[in-house]
Amino acid sequence: MNTADQLPKDIRGENYAGAATCVKCHQDIASNYAHNNHGLTSAPVTAQSLAKLLKADENGFMFNDHMKVMIEQSDSGIYQVGYYQGKAVRNQKFDVIFGSGEKAFTYAYWKGKKLYELPLSYFSTIGNWANSPGFPSNEMYFDRAITSRCLACHTSYIQSNSSQRAGTQVDEEMERGSIIYGIDCERCHGPAKQHVVFHLENPEEKKAQYITVFKELSRKQQMDACGTCHSGNDLMVQKSIFGFQPGDQLEDYFVQDFVSFGGANPDVHGNQTAMLKGSNCFRKSKDMTCQSCHSTHESIKGNLSAYSQRCISCHQSTKHSQATLAKGPLVRNCIDCHMPKEASRLISFQMAGKDQPNPYLLRSHRIGIYGK
Ligand code: HEC
Ligand code: HEC
Ligand code: HEC
Ligand code: HEC
Ligand code: HEC
Ligand code: HEC
Ligand code: HEC
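Note that the structure is predicted; figures quoted are calculated from it, not measured.

Analysis parameters
- Residues numbered from 1 in each chain as written.
- Chains lettered and ligands numbered in written order.
- Predicted model: local features only at pLDDT ≥ 70, side-chain atom pairs only at ≥ 80, totals over all residues.
- Heavy atoms only, no water.
- Donors = N, O, S within 2.8 Å, 3.2 Å for Na, K, Ca; no water.
- Tetrahedral: all angles 85-135°; square planar, octahedral: opposite > 155°, others 65-115°.
- Helix = DSSP H or I, 4+ residues; strand = E, 2+ residues; numbered from the N terminus.
- Buried < 20%, exposed > 50% of the residue type's maximum accessible area, 1.4 Å probe, protein only.
- Salt bridge = Lys/Arg side-chain N within 4 Å of Asp/Glu carboxyl O.
- Near = heavy atom within 4 Å.
- Polar contact = N/O pair within 3.5 Å; in protein donor to acceptor, adjacent residues only side chain to side chain.
- Pairing = 2+ DSSP bridges.
- Axes fitted to C-alpha atoms, helices over the stretch in contact; angles between N-to-C directions.
- Core = buried A, V, L, I, M, F, W, Y, C linked by side-chain atoms within 4.5 Å.

Enquirer: What is the right way to read the coordination of the iron atom of ligand 2 from this model?
Expert: Under ideal tetrahedral coordination, the four donors around a metal are separated by 109.5 degrees; under ideal octahedral coordination, the six donors are separated by 90 or 180 degrees. Protein coordination of the iron atom of ligand 2 is provided by His189 (NE2) and His297 (NE2), with donor distances spanning 2.0 Å. In this structure, the iron atom of ligand 2 is coordinated by 6 donor atoms arranged in octahedral fashion, with angles at the metal of 86 to 179°. Taken as a pair, His189 in helix α6 (residues 185-189) and His297 in the loop between α10 (280-283) and α11 (304-314) lie far apart in primary sequence, 108 residues in all. Residue class for His297 comes out partly exposed when judged on its relative accessible area of 29%.

Structure (structure tokens):
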């Protein structure tokens, strides 16, 4: 049998090798990656993953005196159960998790070949359940269809009958068993079977073959590779981004119109690309990309002094006024002043018994001078 035939089959096609195959030669990357947000951004729901979020007593959300959704366990699984006037009127099982949970988990259930979002999500900032983002605050809603558009940013694959116009049809049917959870190696690097076969057959070769080298791509190509999922979700898709490979152009996947690529008023949620492009750091430097600050295999989330070193690599000297300097040593944290957290206009969530929605905070990628 030849080398290619010995590799496991991958549902995406002949050119794919699957993430398990990469581990053999890229052990460090694979093990870091297993714990980072891209890898963890979707998964099947298990009793263990939910158990961590459940309190001993009651779990759920009161919409008002007559209406609540509770989380309840039975022999057949864990469900979100809707109550009206004390009577259970609707129940649906937890099937799929979206989100690494750094900020939130949203859940979905399967009905035949269709996927629907559950009414309650878990928000890490409050450590509690609340109505899902964008859902009505006075109604328990179980019927919001999730299309493959959502999975195209949060998984590595799903087979769908409308993959050419992914996410634009609510009557879309998807194959449950075909999901590849998480964003895997080949989602960002493109199909790599030929690369694997070559290096298995030529172990003495230390230079990468048959794989796109990010550093050799133009700045636009590098920005587009991240921009497939980080350019907001209001773009009109013309071709499913599951097929996007590094080196491709975003214009070939999205319809261009006047709001395309954040030309209008980008939101901090999901649109880091347009925010960054609006910064002088990006506009006046030739080589800034997402990689200037992020190395996607290891997460340095929360380590603001490590991120500040990335700023200092371009800004060895800065001109700050006495008033700014008096606020404390600059070097440890450039981030809170120049990339402040901002509330998303698109997402907020309601807490039980409160009128005001809670803000959903994200780092602004429009690097600039704030609060002056
Ligand atoms: C049989 C060994 C082997 C396997 C299996 C393997 N690679 Fe590689 N890969 C290499 C070697 C050797 C290099 C070159 C040295 C290096 O960069 O680590 C490389 C380099 C790379 C690079 C870097 C390209 C650049 O920027 O220079 C990427 C990306 C990559 N591999 C992706 C993958 C993916 C994705 C998989 C799994 C589908 C995979 N590799 C499986 C051997 C392998
Ligand atoms: C979210 C996108 C993304 C995912 C997922 C991803 N990579 Fe990468 N990878 C990149 C980027 C971007 C670079 C280029 C980094 C640079 O230029 O500094 C890279 C570089 C590499 C390199 C070159 C060496 C290095 O560390 O820079 C290898 C090897 C590699 N990736 C393998 C993998 C493997 C194996 C997986 C899965 C376990 C994986 N990548 C998952 C985006 C990704
Ligand atoms: C296939 C879609 C997709 C691609 C391609 C992608 N991302 Fe992401 N990225 C996501 C999603 C979804 C999340 C949210 C993960 C979660 O659930 O927390 C995320 C989260 C992140 C985060 C925050 C978490 C962390 O690890 O600090 C960073 C930074 C990030 N992406 C950078 C990049 C960069 C840089 C690239 C290009 C090399 C890239 N992403 C490519 C979908 C993608
Ligand atoms: C265009 C790509 C895109 C689409 C479509 C998309 N998301 Fe996201 N999502 C992201 C990115 C990027 C992030 C992380 C950074 C941010 O919020 O800007 C994210 C964050 C999240 C988070 C929070 C993760 C965490 O813990 O920080 C959840 C939950 C989530 N998305 C669920 C969904 C669901 C459910 C859908 C479909 C109904 C969806 N997303 C559609 C790109 C997308
Ligand atoms: C790739 C190099 C590079 C990196 C990395 C970088 N910058 Fe910049 N930044 C620039 C350039 C170039 C300018 C424009 C300078 C000018 O106008 O002369 C700039 C401008 C600025 C300005 C002035 C903004 C304005 O609107 O006038 C601030 C503030 C700033 N950077 C802060 C930061 C911070 C904080 C970081 C880290 C989060 C950072 N920069 C990372 C290259 C960079
Ligand atoms: C000048 C540095 C810099 C550049 C360039 C940069 N980021 Fe970030 N990014 C950061 C910092 C700092 C954070 C906050 C990290 C933290 O809070 O721990 C962050 C956070 C994020 C997050 C998480 C959002 C949140 O609020 O939790 C995502 C997603 C992300 N970046 C994606 C990208 C993408 C995609 C690009 C390229 C379009 C990019 N970043 C370019 C510095 C940068
Ligand atoms: C306490 C908030 C704060 C911190 C911390 C801070 N800055 Fe600033 N920065 C400002 C303000 C405000 C200005 C506008 C000038 C002034 O009033 O000091 C500024 C101006 C700048 C400028 C434009 C002026 C110039 O030097 O060209 C750059 C670049 C800059 N900061 C980079 C950085 C970097 C890099 C760090 C981290 C080492 C940092 N800043 C830390 C608040 C801050």
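Once you've had a look at it, read on.
Enquirer: Even after reading the chapter, I still don't get the coordination of the iron atom of ligand 7, so can you show me in this structure?
Expert: Those donors, His320 (NE2) and His338 (NE2), are the protein atoms that reach the iron atom of ligand 7, and they lie 2.0 Å from it. The site at the iron atom of ligand 7 holds 6 donor atoms, and with the angles between them running 86 to 179°, its shape is octahedral. Residue His320 is located in the loop between α11 and α12 (322-325), and its partner His338 is located in helix α13 (residues 335-338); the two are separated by 18 residues in the primary sequence. The class of His338 is partly exposed, set by a relative accessible area of 25%.

Enquirer: Would you mind going over the pattern of salt bridges with me for this structure?
Expert: Within this structure, the stated rule accounts for 12 salt bridges. Across the pair Arg12 and Glu186 runs a salt bridge whose closest N-O atoms are separated by 3.6 Å. Of this pair, Arg12 sits in the loop between α1 (3-6) and α2 (19-22) while Glu186 sits in helix α6, and the two are 174 residues apart along the sequence. Take Arg12: its relative accessible area is 15%, and that puts it in the buried class. A relative accessible area of 3% places Glu186 in the buried class. Linking Arg176 and Asp95 is a salt bridge whose minimum nitrogen-to-oxygen distance equals 3.6 Å. With Arg176 in the loop between β12 (155-157) and β13 (180-181) and Asp95 in the loop between β5 (87-93) and β6 (96-98), this pair connects stretches of sequence that are 81 residues apart.

Enquirer: It is not clear to me how unusual backbone geometry should be interpreted in this structure. Could you clarify?
Expert: Across residues other than glycine, the phi torsion is negative in most instances, and most of the peptide bonds are trans. The residue Gln85 is not glycine, and still its phi comes out positive at about 50°. One non-glycine residue, Tyr210, lies in the positive phi region at around 55°. Mapped onto the elements, Tyr210 comes out in the loop between α7 (193-201) and α8 (219-230).

Enquirer: Just checking my understanding: could you explain the site of ligand 7 for this structure?
Expert: What surrounds ligand 7 is a group of 17 residues, the closest being Lys319, His320, Cys334, Cys337 and His338. Within the backbone of Lys319, an N or O atom sits 2.6 Å from an oxygen atom of ligand 7. For ligand 7, a nitrogen atom lies 2.8 Å from a polar atom in the side chain of His320.

Enquirer: Honestly, the sheet that holds strand β4 (residues 77-84) in this entry has me stumped. Any pointers?
Expert: Whenever strands of a sheet pair, they do so through backbone hydrogen bonds, lying parallel or antiparallel. Across the sheet, which stays open at both edges, the 4 strands sit in the order β2-β3-β4-β5 with antiparallel pairing between neighbours. Where the open sheet ends on each side, the last strands, each with one partner, are β2 (60-62) and β5. Between one strand and the next, the sheet's axes are offset by a mean angle of 25°, whatever the strand orientation. As paired elements, β2 and strand β3 (residues 67-74) share 3 bridges and run antiparallel to each other. If you follow Phe61 over to β3, its bridge partner there is Val69.

Enquirer: Can you help me understand the nonpolar core in this one?
Expert: Among the nonpolar cores identified, the biggest contains 28 residues, and Leu50, Phe63, Phe94, Tyr107, Leu120 and Trp129 are the most heavily contacted of them. Contributing elements (two or more residues each) for this core: β3, β7 (104-111), β9 (120-123), β10 (128-131), β14 (341-349) and β15 (358-363). Sorting elements by how many residues they give to this core places β7 first, with 4 residues.

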